[in-house]
Amino acid sequence: MPRRPDLRRVLVIGSGPIIIGQAAEFDYSGTQACQALREEGLEVVLVNSNPATIMTDPEMADRVYLEPLTVEFVERVIARERPQGLVPTLGGQVGLNLAKELAEAGVLDRYGVELLGTPLRAIQQAEDRGEFKALMQAIGEPVPESKVVTTVEAALAFAERVGFPLVVRPAYTLGGTGGGMARDAASLVEIVRTALRISPIGQCLVERSVEGWKEIEYEVMRDAAGTCITVCNMENVDPCGVHTGDSVVVAPAQTLTDREHQMLRSAALKIIDALGIQGGCNIQFALNPHSHQYVVIEVNPRVSRSSALASKATGYPIARVAAKIAVGLRLDEIKNPITGNTYAAFEPALDYVVVKIPRFPFDKFSTASRTLGTQMKATGEVMAIDRTFPAALLKAIRSLEIGRDGLLHPRMATLDDAQLEQRIAVPNDERLFAVAEALRRGWPVERIAATSRIDRFFVQGIARVVAMEQELYAAGSAGLTRERLLAAKRLGLSDATIARLVGLSPHEVRRRRLELGIRPVYKMVDTCAAEFEAATPYYYSTYEGEDESRPGQGPRAIVLGSGPIRIGQGIEFDYSAVHAAWALREEGIESVIINNNPETVSTDFNTSNRLYFEPLTFEEVMNVVELESAGVMCQFGGQTAINLAPPLAAAGVTVLGTPVEEMDRAEDRDKFDRLLEHLGIPRPPGGAALTVEQALAIARRVGYPVLVRPSYVLGGRAMEIVYSDGDLKDYMRTAVEVSESRPVLVDKYLQGKEVEVDAVADGQEVLIGGIMEHIERAGVHSGDSIAVYPALNLPYWAREQILDYTTRLALALKVRGLVNIQYVVYEDQVYVLEVNPRASRTVPFLSKAAGIPLARVAARVMLGRSLRELGLAGGLWPEPPRVAVKAPVFSWQKLSMVDVALSPEMKSTGEVMGCDVDFPRAFYKALVAAGLRVPRRGTVLFT
């Protein structure tokens, strides 16, 4: 049956800014959906407020509206575009809630817009805690004993009857927002008050806790004809009580018996059928580890974080299939694009293990509680694939970029046994390292499993790694035989970990490994465990079995992604990496992407010619480079990719674009100061310090306050304004790790107007995409500042100086590709703050505001094209007759005990864009899109 002929134009609602609980997975699902709908010949109208996403690129939809996600603004779009249908399940909880509000406000009826796919009734039954409980009871599916409440008194009465602990779950919220675990009456009162305030309908569920049970998720699909399949099941390593977004997750489930799997699979299919969902759905179960008893925890009647993970884990494109089901197609009519010859009605088969580990923001918020519960705290996640659980786990740890290449954590070794037991008993972001330390101390697997309530299978997997560590340490370099080295690589140990254990350098271990003929083979993710030929190569490395890789024969280049989303390095860099891959294709060159983030468009099956799902470490990237024999683009993956440029270049790899030594000249304080002096360009006075004494001497010379920060970091990591000798001493002792290669930079703090520029240079000419001014004073990190384009309040002389400095700096640094420069205008002078010869956080915002695809232009220039060849010239790109405002978005609700004052260290998790004919209107839109309630009237405090 073809898609419904009555549909010509469809509205897709995005998920808005990235916040904790709702990250890049909805950029990925929205992008897939737009592509799928256009394949069916439909016109797609997209509304979203996030400029950093591929989803809001002009080529993704027939018309893109960068507008606030409110009933008022979306109604205007509907009135103008008159779509016949709206797909409500692709924009996360924000999109789902907005679709419900549009329906209840009568907007959809007024304009004749049909909710496509999952019916509104099904959404209400899944999201309303009371209705969901009633439905489960009606179909005979067990749920925890619970009560839907709208008052604190009702919650206390329930607690008196069933006892503690209790879980509180607000209705219609995301990422566990406003919920939590109550262990006594006082905590219950506090959590319920918050939950009722945050729930859009003032309702929450209070339920008996199943803390300690196994948490199992099923990703399920259903079409309008009632055909249902399970795409994937996933097992949380952490037991119930930790939000699934904060838990280590393994796919497929490793510890279920066949009876348990069939029992939960049958329940999942019964639930999706009873709800009448058309599309994708995530169902969470709690399973008693000591019996076959289970309960249904909740259902997400939409694509979710878990469905992005399930899509990347299996290769089954859930959002794409869901979008096609929404416009009338059946599962047996939708081809699987990974194989090209099977259909979406086939359940995927996995012959490997996938491990997802969350990435937390505790490096930014050192005072935040690291204890994990039912309210999500992670900003992003990584995914790793290998043949066994231990190997995939170690790959995932390396992918996190937290300074650990294995399960050894120095802080754990300093804990006594009682402290270590507490770290294992109470869920926290470092529990895996605590488990490994306990095993090193000889604690039995049974004791650790009982203390943590983590299944023995997973503890035994970690024990195998610890045993291999101890064997290597005992054997030393002389005992590093081929058999021992191969066994270590099959368990997932990195060259760097092995080197540390046997007393060699990573380079020596790598050399010995290659001499012994130990190289990784590459296996394919194909949805069918190699039963059918795959059309879309999508690889992971392992050290066993037959090699399935098919490296390209023609010209090709490798684009490094940016790894997990974290504060300071978000989806903006994935946007640039995707544009680079597209540019390569336009130039007739095969694109190869290396990345490990399951939420992003860069790791989608059709973004590049070949995808390698690997950690972004020197070892793993070098393995792919040797396989593909290709040059590498390091400019687009943020600091993650830039940090890999020097070791790759030292190993003889061609690093495309700006020369590595010039990147170093921009980062190295002494070299950069000499360049500025030569060019006659001023910067705030200061210097680089390796000791406390040197830092104090610089601060006293330039005068307080001073801005202090480590070199070679992103997102203002450990950047502070310091006002006295005492504060500076504290900073040098506690805030940063100082070394010869990473000194601390100490600069005079100038409280002026901050301005930034993104440009593309080809070695001869410099195209300046635009000048953005910040509303906040200098000293607030640029990622946390409201930025305005074009700059409206710059005097003519300052503007001309900025254009001149940008051009001369880009040419002097031999930039080929992108460069971001930050300035401060202070007392009739323009000073350079820093130069970043790479993609920046503002590239997508400026590209959309100014109407020029900067990352794509930069990638083509890096391949040797000149700006003139591309039909572009140097100088300032013409400014459009409109104003765009970028506003930051914060996730304070999710993190307690955190200082909310803005500073040089970035704290925002995402951003929105407001665009209009003048500044007041654009500014208003940006504030509304960021979730601020702008009062129509009120009082003002002047201080």
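Residues numbered from 1 in each chain as written. Predicted model: local features only at pLDDT ≥ 70, side-chain atom pairs only at ≥ 80, totals over all residues. Heavy atoms only, no water.

Asks: Quick rundown of the overall build of the chain? Include the residues and the values.
Replies: Secondary structure summary: the chain contains 31 helices and 35 strands in total. The C-alpha radius of gyration computed for the chain amounts to 27 Å, which stays within 12% of the reference 30 Å derived for 943 residues, consistent with globular compactness. Projected onto its principal axes, the C-alpha coordinates of the chain cover approximately 80 × 75 × 60 Å. Considering only contacts within the chain whose residues lie at least 6 apart along the sequence, 70% involve residues at least 24 apart. Here the chain has roughly 32,700 Å² of accessible surface; of this, 50% comes from carbon and sulfur atoms. Averaged over its 102 positive side-chain charges, the chain has a centre that lies 1 Å from the centre of its 117 negative ones. (Helix = DSSP H or I, 4+ residues; strand = E, 2+ residues; numbered from the N terminus. Rg over C-alpha atoms; globule rule 2.2 N^0.38 Å. Contact = heavy atoms within 4.5 Å. Areas by Shrake-Rupley, 256 points an atom, 1.4 Å probe, with all protein chains shown as cover. Lys, Arg positive; Asp, Glu negative; His and termini not counted. Charge placed at Lys NZ, Arg CZ, Asp CG, Glu CD.)

Asks: An account of the environment of Val-355 is requested, with residue identities and associated values reported.
Replies: In this fold, Val-355 is placed in strand S15 (residues 353-359). Taking the relative accessible area as the measure of exposure, Val-355 reaches 0% and is therefore buried. Through-space distance from the C-alpha of Val-355 to that of Ile-397 is 9.6 Å; in sequence the pair is 42 residues apart. The contacts of Val-355, once residues within four sequence positions are left out, are Val-248, Val-249, Val-250, Val-382, Met-383, Ala-384, Phe-389, Ala-392, Leu-393 and Ala-396. (Buried < 20%, exposed > 50% of the residue type's maximum accessible area, 1.4 Å probe, protein only.)

Asks: Outline helix H12 (residues 389-399), supporting the account with residue identities and numerical values.
Replies: Counting buried positions along H12 gives 11 out of 11 residues, so the element sits mostly inside the fold. Burial in H12 covers these residues: Phe-389, Pro-390, Ala-391, Ala-392, Leu-393, Leu-394, Lys-395, Ala-396, Ile-397, Arg-398 and Ser-399. The residue sitting at the N-terminus of H12 and contributing the capping side-chain oxygen is Thr-388; that oxygen lies 3.4 Å from the backbone nitrogen of Ala-391. Phi for Glu-401, located one or two positions after H12, is positive at around 60°. (Polar contact = N/O pair within 3.5 Å; in protein donor to acceptor, adjacent residues only side chain to side chain.)

Asks: Go over the state of the cysteines, please, and point to the residues and values.
Replies: This structure, assessed with the given rule, holds 0 disulfides. Free cysteine: Cys-228, not disulfide-bonded; nearest cysteine sulfur from Cys-281 at 9.6 Å. Residue Cys-281 is classed as buried on the basis of its relative accessible area of 0%. (Disulfide = S-S within 2.5 Å.)

Asks: Let's hear about the environment of Val-788: which residues, and what values?
Replies: Relative to the elements of secondary structure, Val-788 occurs in strand S30 (residues 787-789). Taking the C-alpha atoms as reference, Val-788 lies 7.2 Å from Val-883; in sequence the two are 95 residues apart. Residues within four places of Val-788 in sequence aside, it is in contact with Ile-771, Met-772, Glu-773, Ile-775, Val-883, Ala-884, Val-885 and Phe-919.

Asks: Which residues make up helix H8 (residues 185-198), and what are the values?
Replies: With 14 residues, H8 should cover 20 Å at 1.5 Å per step; its first-to-last C-alpha distance of 20 Å lies within 8% of that length. Taken as a whole, H8 has its buried residues at Ser-187, Leu-188, Val-189, Ile-191, Val-192, Ala-195 and Leu-196. Residues of H8 that are buried make contact with strand S6 (146-149), helix H7 (152-162), strand S7 (166-170), strand S8 (180-182) and strand S9 (204-208). One side-chain oxygen of the residue at the start of H8 lies 3.3 Å from the amide nitrogen of Ala-186, identifying that residue as Asp-184. (Expected span 1.5 Å × (residues − 1).)

Asks: Describe the nonpolar core, listing the residues and the values that go with them.
Replies: One recurring pattern in soluble globular proteins is that nonpolar side chains are buried together. Membership of the largest hydrophobic core comes to 97 residues, with the highest contact counts inside it found for Leu-37, Met-221, Tyr-316, Met-633 and Phe-636. By residue number, the principal contributor to this core is helix H21 (residues 571-586), which donates 9 residues. If you look at the next biggest cluster of nonpolar residues, it comprises 52 residues, including Val-250, Ala-436, Val-465 and Val-502. (Core = buried A, V, L, I, M, F, W, Y, C linked by side-chain atoms within 4.5 Å.)

Asks: Now, about the side chain of Thr-909: what can you tell me, with residues and values included?
Replies: Mapped onto the secondary structure, Thr-909 falls in the loop between strand S34 (883-889) and strand S35 (910-916). Thr-909 gets classed as buried once you look at its relative accessible area, which sits at 14%. A distance of 3.0 Å separates a polar atom in the side chain of Thr-909 from the backbone oxygen of Ile-18. Non-local contacts of Thr-909, meaning those with residues more than four positions away in its chain, are made with Ile-18, Ile-19, Ile-20, Thr-379, Ile-567, Val-889, Phe-890 and Ser-891.

Asks: Let's hear about the pattern of salt bridges: which residues, and what values?
Replies: In total, this model carries 74 salt bridges according to the counting rule given. Close ionic contact of Arg-305 with Glu-25 constitutes a salt bridge, the shortest N to O distance being 4.0 Å. Placement of Arg-305 in helix H10 (residues 305-314) and of Glu-25 in helix H1 (residues 25-39) is noted, with a sequence separation of 280 residues between them. Neither Arg-305 nor Glu-25 differs from the other in exposure class; each is buried. The residue Asp-747 makes a salt bridge to Arg-683 at a minimum N-O spacing of 3.7 Å. Of this pair, Asp-747 sits in strand S27 (residues 744-748) while Arg-683 sits in the loop between helix H25 (669-679) and strand S24 (686-689); the two residues are 64 residues apart in sequence, bridging distant segments of the chain. We note that Asp-747, like Arg-683, is buried. One continuous salt-bridge network, built from bridges that share partners, spans Glu-59, Glu-586, Glu-587, Arg-856, Arg-860, Arg-865 and Glu-869. (Salt bridge = Lys/Arg side-chain N within 4 Å of Asp/Glu carboxyl O.)

Asks: Quick rundown of the sheet that holds S6? Include the residues and the values.
Replies: With antiparallel pairing, the 4 strands of this open sheet are ordered in space as S6-S9-S7-S8. The two strands at the open ends of the sheet, each matched to only one other strand, are S6 and S8. Averaged over all pairs of adjacent strands, the angle between their axes in this sheet comes to 25°, without regard to strand direction. Two elements, S6 and S9, share 4 bridges in a ladder whose sense is antiparallel. The residue bridging Val-148 from the neighbouring strand is Leu-205, located in S9. Contacts between helix H6 (residues 129-138) and the sheet are confined to S6, S7 and S9, with S6 contributing the most and set at about 150° to the helix. (Pairing = 2+ DSSP bridges. Axes fitted to C-alpha atoms, helices over the stretch in contact; angles between N-to-C directions.)

Asks: Which residues make up unusual backbone geometry, and what values do they have?
Replies: Residue Pro-252 is bonded to the preceding Ala-251 through a cis peptide linkage, with omega at -10°. Note that Pro-252 resides in the loop between strand S12 (249-251) and helix H9 (258-275). Here the residue pair Tyr-704 and Pro-705 is connected by a cis peptide bond, since its omega of 0° sits within 30 degrees of zero. Turning to its location among the elements, Pro-705 is positioned in the loop between helix H26 (692-702) and strand S25 (706-710). In this model, Glu-401 sits at a positive phi of 60°, which is unusual for a non-glycine residue. Looking at the secondary structure, you find Glu-401 in the loop between H12 and helix H13 (410-413). You will see that Arg-453, though not glycine, has its phi angle at about 60°, which is positive. With respect to the helices, strands and loops of the structure, Arg-453 is situated in the loop between helix H16 (445-452) and helix H17 (456-475).

Asks: Go over the sheet that holds strand S20 (residues 590-595) with me, naming the residues and quoting the values.
Replies: Pairing is mixed across the open sheet formed by 7 strands, whose spatial order is S17-S18-S21-S20-S19-S22-S23. Because the sheet does not close on itself, it has two edges, and the strands there are strand S17 (521-524) and strand S23 (655-656). Sheet analysis places strand S19 (residues 556-560) next to S20, joined by 5 bridges and oriented parallel. Within S20, the residue paired with Val-559 across the bridge is Ile-593. Across the sheet, H21 lies against S19, S20 and strand S22 (631-633), angled at about 160° from S20, the strand it touches most. Sitting on the sheet, helix H22 (residues 618-628) is in contact with S17, S19, S20, strand S21 (610-613) and S22, with an inclination near 170° to S19.

Asks: An account of the packing of aromatic side chains is requested, with residue identities and associated values reported.
Replies: Scanning all chains against the criterion turns up 12 aromatic pairs. Seen from their ring centres, Phe-457 and Phe-458 are 5.4 Å apart, and the 80° between their planes marks the pair as edge-to-face. Ring centres of Phe-919 and Phe-923 lie 5.2 Å apart, and the angle between their planes is 15°; this geometry places the pair in the stacked category. Taken together, the positions of Phe-919 and Phe-923, both in helix H31 (residues 919-929) and 4 residues apart, correspond to about one turn of that helix. For Phe-919, a relative accessible area of 28% puts it in the partly exposed group. Among the aromatic residues, those joined into a cluster by ring pairs are Tyr-218, Phe-285 and Tyr-294. The residue whose ring lies beneath Lys-312 is Tyr-28, and the NZ or CZ to ring-centre distance is 4.0 Å. Taking the ring centre of Trp-443 as reference, the NZ or CZ of Arg-447 above it sits at 3.6 Å. (Phe/Tyr/Trp six-rings, centres within 6.5 Å; stacked < 30°, edge-to-face > 60°. Lys NZ or Arg CZ within 6 Å of the ring centre and 35° of its normal.)

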